[in-house]
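So you can see what is in the structure, the chains are spelled out below.
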Amino acid sequence: MSTHEGMTQEIRTVFWQDGAVVMIDQKALPLAERYVACSDYREVIAAINDLTVRGAPAIGVAAAMGIALGALRIPDSPPENFRRAFDDICTRFAATRPTARNLFWAIERMKRRCEEAYGVDREGLPEKGKGGPLQAIRETLIAEAIRIGEEDIEINRRLGRNGRDLIPDGARILTHCNAGALATAGYGTALGVLRAAREEGKKIHVYVDETRPVLQGARLTVWELMREDIPCTLIADNMAGCLMQKGGVDLVIVGADRIAANGDTANKIGTFGLAVLARAHGIPFYVAAPLSTIDPELADGGMIPIEERNPDEVIRCGGVRTAPNGVAVWNPAFDVTPNGLIAAIVTEAGVIRTPCADVIQQFCPPQPRRQDR
Ligand code: MRU
C-alpha cells in the first residue's frame, strides 16, 4: 500500500486509478489529508477492517473495486479454477463488516457480472455460446466496479434532491456519525440531503455528535462541513438531549448501514438513543439511504447482524488509553432504531413517509441472490 498527500476540491472517497484502488485515509483525517493506493485486494480488505474506508456505501464501492483488483491478479487458469479463486476473494470481502448491507449488495452485483461475463448460469454450468478470454472478464469486472462508484454519487445526488424539502430554511439539524461524502463514493446521504438544501439557497446549521468510540462526527463530519463553509457546531454525544430540551434542534437526520423490510434501521451506535430523545421532544427523525442499504429479506431489525468491534476502541479515545487495563468492554458498532421512531426514509426513488414493510416493498429492487447467508 502506498500513500501520497494532497487532494482535489471534491472529496473523492474511493476510486480506481492505474490498476489500484485509491482511497482517502479516513483514519488520518482531519489531521492529515492523504490517499492510500491499494494494489493488492488484501490491502483493500485490511483498509475496510481498520476503517481507512468506512460508511456502508463506501465499503460497498471499495469491496467492488477490491474484488476487481483481486480478479486482475488471478493468474490465467482453467475457467473452474478462475471461478473458484474469484469466489474465494468474494468470501473474504464478505467477512469484513457484517452490518453494512451495501457490502453484500456490491459483492452480489460483482458475482452476477462475473457469471454473465463468464457465460455460466447461477449453478456454475456453462451457457452455450457465451464466455470469453479471462482478460475480457477481468476488464468487465473493473468496469462494473467503477460503474458502482459512479452510480453511487449519482444516486446520492438524487436522494439529496428528494430529501431537501424536509429541511426548512433556517433549520437547526442534528446528525450522528458520518453519512457524508466520506461514507459514500461522494456527496453523501444524510449530508447529501443537507448539501442539496444548501444548493437551493437554504440557510442551515448542523449540530454534529462527536460519535464515540471512533469519533466519526468530530473527525470526519465536521471536517466535511467546515471545508464547504456549512455552519456547524460539534457536541459530545451526551449533550444531544440537553440541546433538544433547550429547543435547539428542529430535526435529526442520519444515514443507515442496513434497513430491514419493515423500516427498522441499523446505524452507528447511539442513533437509537437520539431517536428516542427526538420522539420525547416532538422532533422529526429522518433516515437517508440508497435502496442498496435496504434488506428486504430481513423482516425486522432484530434480524440485522450487529458488528462488535475491538474493545480497544472504547478503552482508548483518540489513541490515548482512558480506562484501566483489563476492564471488561462491550463495543457494538451499531444499534437498531425501530421504524415507529422514524418519520421518513429518504431514498433515490423517493421519500418513504411511513416506513413499514408494505411501503418499502414498493421501493425495493429485486434481490436475486444472497452472499451473507
Ligand atoms: O463504522 P462506520 O463508520 O462504517 O459506520 C458508518 C455509519 O454508521 C454511517 O452512518 C452509515 O454507514 C451511513 S453512511 C452513508
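Residues numbered from 1 in each chain as written. Predicted model: local features only at pLDDT ≥ 70, side-chain atom pairs only at ≥ 80, totals over all residues. Heavy atoms only, no water.

Once that is clear, we can look at the packing of helix α3 (residues 79-94) against helix α4 (residues 101-118). Orientation of α3 relative to α4, taken along the N-to-C sense of each, is 170°, at an axis distance of 10 Å. Judged by the angle between their axes, α3 and α4 are roughly antiparallel. Only Leu103, Phe104, Ile107, Met110, Lys111, Cys114, Glu115 and Tyr118 of α4 make contact with α3, whose side of the interface consists of Pro79, Glu80, Phe82, Arg83, Phe86, Asp87, Cys90, Phe93 and Ala94. Broken down by class, the residue content of the contact of α3 with α4 amounts to twelve nonpolar, no polar and five charged. (Axes fitted to C-alpha atoms, helices over the stretch in contact; angles between N-to-C directions. Helix = DSSP H or I, 4+ residues; strand = E, 2+ residues; numbered from the N terminus. Parallel < 35°, antiparallel > 145°, perpendicular 65-115°, else oblique. Contact = heavy atoms within 4.5 Å. Nonpolar A, V, L, I, M, F, W, Y, C, P; charged D, E, K, R; others polar.)

A few words on the pattern of salt bridges. Taken as a whole, this structure holds 25 salt bridges when the rule is applied. One salt bridge connects arginine 138 with aspartate 76, and the closest N-O pair in it is separated by 3.1 Å. Highlighted residues: arginine 138 in helix α5 (residues 134-163) and aspartate 76 in the loop between α2 (56-73) and α3, separated in sequence by 62 residues. Judged by its relative accessible area of 5%, arginine 138 falls in the buried class. (Salt bridge = Lys/Arg side-chain N within 4 Å of Asp/Glu carboxyl O. Buried < 20%, exposed > 50% of the residue type's maximum accessible area, 1.4 Å probe, protein only.)

What follows covers the site of the ligand. Around the ligand there are 18 residues in total, and Arg54, Arg97, Asp257, Asn267 and Lys268 lie nearest to it. Between the ligand and aspartate 257, the relevant distance is 2.7 Å, taken from an oxygen atom to a side-chain nitrogen or oxygen of the residue. A total of 420 Å² of accessible area belongs to the ligand in isolation, and the protein chains cover 100% of it. Mapped onto the shell around the ligand, the elements with two or more residues apiece are α2 and β10 (265-268). Split by residue class, the shell around the ligand holds seven nonpolar, seven polar and four charged. Structurally, the shell around the ligand is a two-domain feature, drawing no fewer than three residues from each of domain 1 (2-157) and domain 2 (162-363). (Near = heavy atom within 4 Å. Polar contact = N/O pair within 3.5 Å; in protein donor to acceptor, adjacent residues only side chain to side chain. Areas by Shrake-Rupley, 256 points an atom, 1.4 Å probe, with all protein chains shown as cover. Domains from an automatic or database assignment.)

Bringing the domain arrangement of the chain into the picture now. Partitioning the chain into structural domains gives domain 1 (2-157) and domain 2 (162-363). For domain 1 and domain 2, the distance between their C-alpha centres works out to 26 Å. Between domain 1 and domain 2 lies a buried interface of about 3000 Å² when both sides are counted; carbon and sulfur atoms form 54% of it. Summed over the shared surface of domain 1 and domain 2, the number is one salt bridge. (Buried area = accessible area lost by both parts, 1.4 Å probe.)

Right, let's talk about helix α6 (residues 190-199) for a bit. The α-helix advances 3.6 residues per turn, and as a result positions three or four apart in sequence lie on the same side. Of all ten residues in α6, eight are buried; the element is thus mostly enclosed. One or two residues past the end of α6 sits glycine 201, with phi positive at roughly 95°.

Attention now moves to the environment of cysteine 114. Relative to the assigned elements, cysteine 114 resides in helix α4. Sequence-wise, cysteine 114 and valine 254 are 140 residues apart; in three dimensions their C-alpha atoms are separated by 34 Å. In contact with cysteine 114, not counting residues within four places along its chain, are Arg83, Phe86 and Leu141.

This part is about the confidence of the model for the chain. A residue-level look at the chain finds 91% of positions with pLDDT of 70 or above and a mean pLDDT of 93. Within the chain, the lowest mean pLDDT, 52, falls on strand β1 (residues 2-5), and the highest, 99, falls on strand β5 (residues 171-175). (pLDDT = per-residue confidence, 0-100.)

The next point concerns helix α7 (residues 216-227). With twelve residues, α7 should cover 16 Å at 1.5 Å per step; its first-to-last C-alpha distance of 16 Å lies within 8% of that length. With respect to burial, α7 is a largely interior element, nine of its twelve residues being buried. What α7 keeps buried is the set Gln216, Gly217, Arg219, Leu220, Thr221, Val222, Trp223, Glu224 and Leu225. Residues of α7 that are buried make contact with β3 (20-24), β5, α6, β6 (204-209), β7 (232-235) and β10. Two residues or fewer after α7 comes aspartate 229, characterised by a positive phi angle close to 60°. (Expected span 1.5 Å × (residues − 1).)

The next thing to look at is the packing of aromatic side chains. As enumerated under the stated definition, the model contains two aromatic pairs in all. With a centroid separation of 5.8 Å and an interplanar angle of 65°, the aromatic rings of phenylalanine 15 and tyrosine 35 are classed as edge-to-face. Highlighted residues: phenylalanine 15 in strand β2 (residues 14-17) and tyrosine 35 in strand β4 (residues 34-38), separated in sequence by 20 residues. Accessibility expressed as a relative area gives 4% for tyrosine 35, which makes it buried. Taking 6.3 Å as the distance between ring centres and 40° as the angle between the ring planes, the aromatic pair formed by tyrosine 41 and phenylalanine 93 counts as tilted. Here tyrosine 41, found in helix α1 (residues 41-49), pairs with phenylalanine 93, found in helix α3; they are 52 residues apart in sequence, far enough to count as distant. (Phe/Tyr/Trp six-rings, centres within 6.5 Å; stacked < 30°, edge-to-face > 60°.)

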